[in-house]
Amino acid sequence: MIDIQCEAGFSHVSVTTLLRALKERKVGAYHEEFKPILTAENKKIRLEYCKEREYWLPARQWADYAFTDEMSIEVGACFGVNLVWREQGEQWHEDCVGTKKKKRVTVMCWGMIRWNWKGLFHIWAKETRVEKEEATRAVGEWNKEAGRKEDELNAVWRGTEEWRELKEVELAVLRAARSLRAAAKERGEKITVPQSWRAKKFKIVQAQRKDAKGIDSW
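Residues numbered from 1 in each chain as written. Predicted model: local features only at pLDDT ≥ 70, side-chain atom pairs only at ≥ 80, totals over all residues. Heavy atoms only, no water.

As recorded in an unreviewed UniProt entry, the chain goes by Transposase Tc1-like domain-containing protein and comes from Choiromyces venosus 120613-1.

And the structure:
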């Protein structure tokens, strides 16, 4: 209340009078709400996701989904009560909510839930040097095997009728495009012809170690 008196220039007004005036305007001291730090784009994506599923039922549509999340839990943190002066309808106004930023030692946790079922909960200990080296080796071996499997799948595909038909069609288009390129060049245009038959139909994403943030779920 002293801060309000000083900031508003009402140091000459009694606290009782200020409280009465605030009450008349339905302004009071409420517990500060906290929310994740989200960008405008994050908020838009989440809102669209919820609107599309507004009428889903837990035991029907949501029963086919599971949710996973990771978070860092601050060890030894103290959670006190923060108050903010606001009107009743300003609960989620940007200047009336806080965001939590961790400053102490944290541990990474991961959990999963779904309708009528609570999944596993993992707590990750800090990775040792030996564990990092082992993980790097395992990732390398996995990627090598993934590359071999990818080559094998694409080799089989190139022996199929699908691939031969694709090649024949795209080569025919390429031959037709050659006669049109001169005219297109004069107009300042460029004709591009896809050659999917030269590419890979099957691509296996390579695993990789990430930075120190979050859980490395390779």
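There's plenty left to go through after this.
Novice: Would you explain the overall build of the chain in this entry?
Specialist: Scanning the chain from N- to C-terminus turns up 5 helices and 7 strands. Along its sequence from the N terminus, the chain presents helices and strands in the succession α-α-β-β-α-β-β-β-β-β-α-α. Across the 218 residues that make up the chain, the buried fraction comes to 17%. Of all intrachain contacts in the chain linking residues separated by at least 6 positions in sequence, the fraction that spans at least 24 positions is 71%. As presented, the chain carries roughly 18000 Å² of accessible surface, and 56% of it is formed by carbon and sulfur atoms. (Helix = DSSP H or I, 4+ residues; strand = E, 2+ residues; numbered from the N terminus. Buried < 20%, exposed > 50% of the residue type's maximum accessible area, 1.4 Å probe, protein only. Contact = heavy atoms within 4.5 Å. Areas by Shrake-Rupley, 256 points an atom, 1.4 Å probe, with all protein chains shown as cover.)

Novice: Please explain the sheet that holds strand S7 (residues 117-124) as it appears in this structure.
Specialist: Each strand in a sheet pairs with another by means of backbone hydrogen bonds, the pair being arranged parallel or else antiparallel. One open sheet accounts for 3 strands, arranged S3-S6-S7; its pairing is antiparallel. For this open sheet the edge positions go to strand S3 (66-74) and S7, each flanked by a neighbour on one side alone. The mean angle between the axes of side-by-side strands here comes to 20 degrees, regardless of whether they run parallel or antiparallel. Examined bridge by bridge, S3 and strand S6 (residues 106-114) share 9 bridges and lie antiparallel to one another. In the strand pairing of S6, Phe-67 is matched with Ile-113. (Pairing = 2+ DSSP bridges. Axes fitted to C-alpha atoms, helices over the stretch in contact; angles between N-to-C directions.)

Novice: What am I meant to see in the packing of aromatic side chains here?
Specialist: The relative placement of two aromatic rings is captured by the distance of their centres and the angle of their planes. Taken as a whole and judged by the stated rule, the model has 5 aromatic pairs. Lying over the aromatic face of Tyr-49, Arg-53 brings its terminal NZ or CZ to 3.7 Å of the ring centre. Looking at Arg-53, its charged tip hangs above the ring of Trp-56, at a distance of 5.3 Å from the centre. (Phe/Tyr/Trp six-rings, centres within 6.5 Å; stacked < 30°, edge-to-face > 60°. Lys NZ or Arg CZ within 6 Å of the ring centre and 35° of its normal.)

Novice: How should I be thinking about unusual backbone geometry in this particular structure?
Specialist: What you tend to see is this: most non-glycine residues have negative phi, and most peptide bonds are trans. The phi dihedral of Asn-116 is positive, around 60 degrees, even though this residue is not glycine. Tracing the backbone through its elements, the reader meets Asn-116 in the loop between S6 and S7.

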